[in-house]
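Next come the chains, spelled out residue by residue.
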Amino acid sequence: MRHIYVISVFPELIRDFINYGVLKKGQDKSLINIETINLRDFSDKNGYVDDKPYGGGAGMVLQAQPLIDATRYVKSKLKNYKCIYLSPKGKKVNQEMIVKTANNDNLIIIAGRYEGVDQRFIDLEVDEEWSIGDYILSGGEVAACVIIDAVARMIPGVLGHEDSNKEESFTNGYLEYPHYTRPEKVEGKNVPKVLLSGNHEEIRVWREKQAMLVTNNKRSDLIKKKLS
Ligand code: 4H3
């Protein structure tokens with residue numbers, strides 16, 4: 001993956017988010033290209049992108065045509081892509097989906113607003129519907145930022161030193177061991193002695209054991225998943 005396009009009525013939310021940290025650096029180094037598309041640039045003849053829901057009810061729905069036009073405009077720039085719509089109905093995102101996407105496709109992300117989008121847009125243009133978790137957001141932009149962050153850090157070179165993600169949670173199926181930094185004592189609590197020993201093998205073994213303990217205590221479902 002090299003390109004991520006996000007279609008939204010609030011593209012500034014995305015633009016601000018991607019301007020920090022490893023996302024900023026990855027773009028500066030041209031390892032990744034992230035672009036935002038303002039859905040309003042594809043508004044209908046009356047200048048709108050939303051309308052009242054057929055069948056009645058509260059709120060507004062994003063019209064199909066502006067979304068279709070914006071999405072096809074983006075698709076015309078890309079050879080291969082995965083077009084995802086973020087909503088609570090989607091498949092729950094996990095690290096495996098993130099890694100697969102980072103390795104295979106450019107990404108087009110649709111961030112909805114209001115009550116959601118016209119179903120015909122989803123049926124016509126969306127490859128996969130994803131959810132970042134079982135809760136409702138006012139817009140898809142925050143979820144889009146989550147996906148962008150998770151996917152971008154899997155692109156080689158985006159993280160500072162290459163193995164800062166190899167060590168991390170989920171890559172090996174375990175949660176991370178606890179971290180400590182100076183000073184040695186905080187409010188009477190000491191850094192585990194082994195970490196001060198300078199014995200790299202002992203430290204490695206201790207961290208591995210901690211990772212297993214933490215995972216078993218907090219997320220035993222992850223261990224079951226590893227064994228299945
Ligand atoms: C994604 C989007 C939750 C998630 C979202 C999630 C606003 C979808 C609008 C937007 C629709 C109405 N909420 N859990 N909200 O990933 O376009 O829900």
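This text follows the structure it describes.
First things first, this report covers the structure right here in the doc. (Residues numbered from 1 in each chain as written. Predicted model: local features only at pLDDT ≥ 70, side-chain atom pairs only at ≥ 80, totals over all residues. Heavy atoms only, no water.)

### Here we look at a nonpolar patch on the surface
Part 1 of the argument: Residues Tyr135, Leu137, Val142 and Val146 make up a contiguous nonpolar surface patch of about 350 Å² in total accessible area.
Part 2 of the argument: Inspection of the secondary structure assignment puts Leu137 in the loop between strand 7 (128-131) and helix 6 (141-152). (Patch = residues over 30% accessible without salt bridge, like charges linked within 9 Å, V, L, I, M, F, W, Y side chains within 5 Å. Areas by Shrake-Rupley, 256 points an atom, 1.4 Å probe, with all protein chains shown as cover. Salt bridge = Lys/Arg side-chain N within 4 Å of Asp/Glu carboxyl O. Helix = DSSP H or I, 4+ residues; strand = E, 2+ residues; numbered from the N terminus.)

### Examining the site of the ligand
Part 1 of the argument: Around the ligand there are 18 residues in total, and Tyr85, Gly112, Ile132, Gly133 and Leu137 lie nearest to it.
Part 2 of the argument: At 2.6 Å, a side-chain N or O of Tyr85 approaches an oxygen atom of the ligand.
Part 3 of the argument: Coverage of the ligand by the protein amounts to 95% of the 420 Å² it exposes when considered alone.
Part 4 of the argument: Examining the composition of the shell around the ligand, we find that four residues originate from one element, strand 5 (residues 81-92), more than from any other.
Part 5 of the argument: Looking at the shell around the ligand residue by residue, the classes come out as eight nonpolar, eight polar and two charged. (Near = heavy atom within 4 Å. Polar contact = N/O pair within 3.5 Å; in protein donor to acceptor, adjacent residues only side chain to side chain. Nonpolar A, V, L, I, M, F, W, Y, C, P; charged D, E, K, R; others polar.)

### Observations concerning the side chain of Thr101
Part 1 of the argument: Mapped onto the fold, Thr101 is located in helix 4 (residues 95-104).
Part 2 of the argument: A distance of 3.3 Å separates the side chain of Thr101 from the side chain of Lys82, its partner in a polar contact.
Part 3 of the argument: Of note is the side chain of Thr101, whose polar atom sits 2.8 Å from the backbone oxygen of Met97.
Part 4 of the argument: The contacts of Thr101, once residues within four sequence positions are left out, are Met1, Lys82, Leu107 and Trp130. (Contact = heavy atoms within 4.5 Å.)

### Looking at unusual backbone geometry
Part 1 of the argument: Here the residue pair Arg182 and Pro183 is connected by a cis peptide bond, since its omega of 5 degrees sits within 30 degrees of zero.
Part 2 of the argument: Position of Pro183 relative to the elements: it lies in the loop between helix 6 and strand 8 (185-186).
Part 3 of the argument: A positive phi angle, near 60 degrees, is found at Ser30, a position not held by glycine.
Part 4 of the argument: Even without being glycine, Glu187 reaches a positive phi, approximately 50 degrees.
Part 5 of the argument: Relative to the elements of secondary structure, Glu187 occurs in the loop between strand 8 and strand 9 (189-190).

### Notes on the packing of aromatic side chains
Part 1 of the argument: If you walk through the whole model with that rule in mind, you get one aromatic pair.
Part 2 of the argument: Judged by centre distance (5.7 Å) and plane angle (45 degrees), the ring pair of Phe42 and Tyr73 falls under tilted. Taken together, the residues span a long stretch of sequence, with Phe42 in the loop between strand 2 (33-38) and strand 3 (50-51) and Tyr73 in helix 3 (residues 64-75) at a distance of 31 residues.
Part 3 of the argument: With a relative accessible area of 39%, Tyr73 lands in the partly exposed category.
Part 4 of the argument: Across from the ring centre of Tyr174, 4.4 Å away, lies the NZ or CZ of Lys226, which sits over that ring. (Phe/Tyr/Trp six-rings, centres within 6.5 Å; stacked < 30°, edge-to-face > 60°. Buried < 20%, exposed > 50% of the residue type's maximum accessible area, 1.4 Å probe, protein only. Lys NZ or Arg CZ within 6 Å of the ring centre and 35° of its normal.)

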